Amino acid sequence: MAKPFGFNGTPVRTPDTFQPSAATTSTDDSDRTQDLVMRNTPIGTVESYSLEWRDIPVKEAAFIFNQIKNRQKYLMRYMSADLGGWAENYFYTSNYSWGTLKKANGKDVWESLSFNAIRINPI
């Protein structure tokens, strides 16, 4: 059975943490009036996802990292908070974090690999 999460058409292990968030951007003239009534004109909403794998083997972490680093965009298969189902869309990432290098079951693993995937197009 194919793994549901993936990058650029290649399945990967499901992250231990997968947390969605979103931010709506409004036009420059959106603001509160003097009587404190909000006049808001939304432009669109951008979704992002925080992903983390814990105790991830170094080779597996390197594979995931090489799927997303230095790219204008990459394709990610994920559970969409907006759609309520599995989706594939283009994302970008600019910051990555690893935990400490350690041994687990006699093998080298990173304590964690984490990053934030930010969707290219608004929802």
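Conventions adopted
Residues numbered from 1 in each chain as written. Predicted model: local features only at pLDDT ≥ 70, side-chain atom pairs only at ≥ 80, totals over all residues. Heavy atoms only, no water. Helix = DSSP H or I, 4+ residues; strand = E, 2+ residues; numbered from the N terminus. Buried < 20%, exposed > 50% of the residue type's maximum accessible area, 1.4 Å probe, protein only. Contact = heavy atoms within 4.5 Å. Polar contact = N/O pair within 3.5 Å; in protein donor to acceptor, adjacent residues only side chain to side chain. Arc of directions from axis to C-beta. Patch = residues over 30% accessible without salt bridge, like charges linked within 9 Å, V, L, I, M, F, W, Y side chains within 5 Å. Areas by Shrake-Rupley, 256 points an atom, 1.4 Å probe, with all protein chains shown as cover. Salt bridge = Lys/Arg side-chain N within 4 Å of Asp/Glu carboxyl O.

## Topic: unusual backbone geometry
When glycine is set aside, most residues are seen to have a negative phi, and most peptide bonds are trans.
Right, on to step 1. A positive phi angle is found at Asn8, which is not glycine, with a value near 55 degrees.
Right, on to step 2. Here Asn8 shows up in the loop between β1 (6-7) and β2 (10-11).
Right, on to step 3. A relative accessible area of 28% means that Asn8 is categorised as partly exposed.
Right, on to step 4. With phi around 50 degrees, Asp55 is a residue other than glycine that occupies positive phi space.
Right, on to step 5. You can see Asp55 is positioned in strand β6 (residues 42-57).
Right, on to step 6. What makes Asp55 partly exposed here is its relative accessible area of 35%.

## Brief notes about the environment of Tyr90
Right, on to step 1. Counting through the fold element by element, Tyr90 comes out in strand β8 (residues 85-92).
Right, on to step 2. Measuring from C-alpha to C-alpha, the distance between Tyr90 and Asn70 comes to 14 Å, with 20 residues separating the pair along the chain.
Right, on to step 3. With residues up to four places along the chain from it excluded, the contact list for Tyr90 reads Lys73, Tyr74, Leu75, Ile118, Arg119 and Ile120.

## A few points about the environment of Asn66
Right, on to step 1. Counting through the fold element by element, Asn66 comes out in helix α1 (residues 58-68).
Right, on to step 2. Once the C-alpha coordinates of Asn66 and Phe7 are considered, the two residues, 59 residues apart in sequence, prove to be 9.9 Å apart.
Right, on to step 3. A distance of 3.2 Å separates polar atoms of two side chains, one belonging to Asn66 and the other to Lys69.

## Observations regarding the environment of Leu113
Right, on to step 1. Structurally, Leu113 can be placed in strand β11 (residues 107-119).
Right, on to step 2. Taking the C-alpha atoms as reference points, Leu113 and Asn8, separated by 105 residues in sequence, lie 18 Å from one another.
Right, on to step 3. Discounting chain neighbours no more than four positions away, the residues touching Leu113 are Leu51, Glu52, Trp53, Ile56, Ala61, Ile64, Ser97 and Trp98.

## Observations regarding α1
Right, on to step 1. For α1, the full list of buried residues reads Ala61, Ile64, Phe65, Gln67 and Ile68. Across the axial projection of α1, the buried residues extend over an arc of 160 degrees, all falling on one side.
Right, on to step 2. Just downstream of α1 lies Asn70, where phi reads positive at about 55 degrees.

## Focus: the side chain of Gln67
Right, on to step 1. Mapped onto the elements of the fold, Gln67 is located in helix α1.
Right, on to step 2. Every residue in contact with Gln67, bar those within four places of it in the chain, is listed here: Phe7, Asn8 and Tyr74.

## A look at a nonpolar patch on the surface
Right, on to step 1. Judged by side-chain polarity, Tyr90, Tyr92 and Ile120 come together as a nonpolar surface patch covering roughly 260 Å² of accessible area.
Right, on to step 2. As for its position among the elements, Tyr92 is in strand β8.

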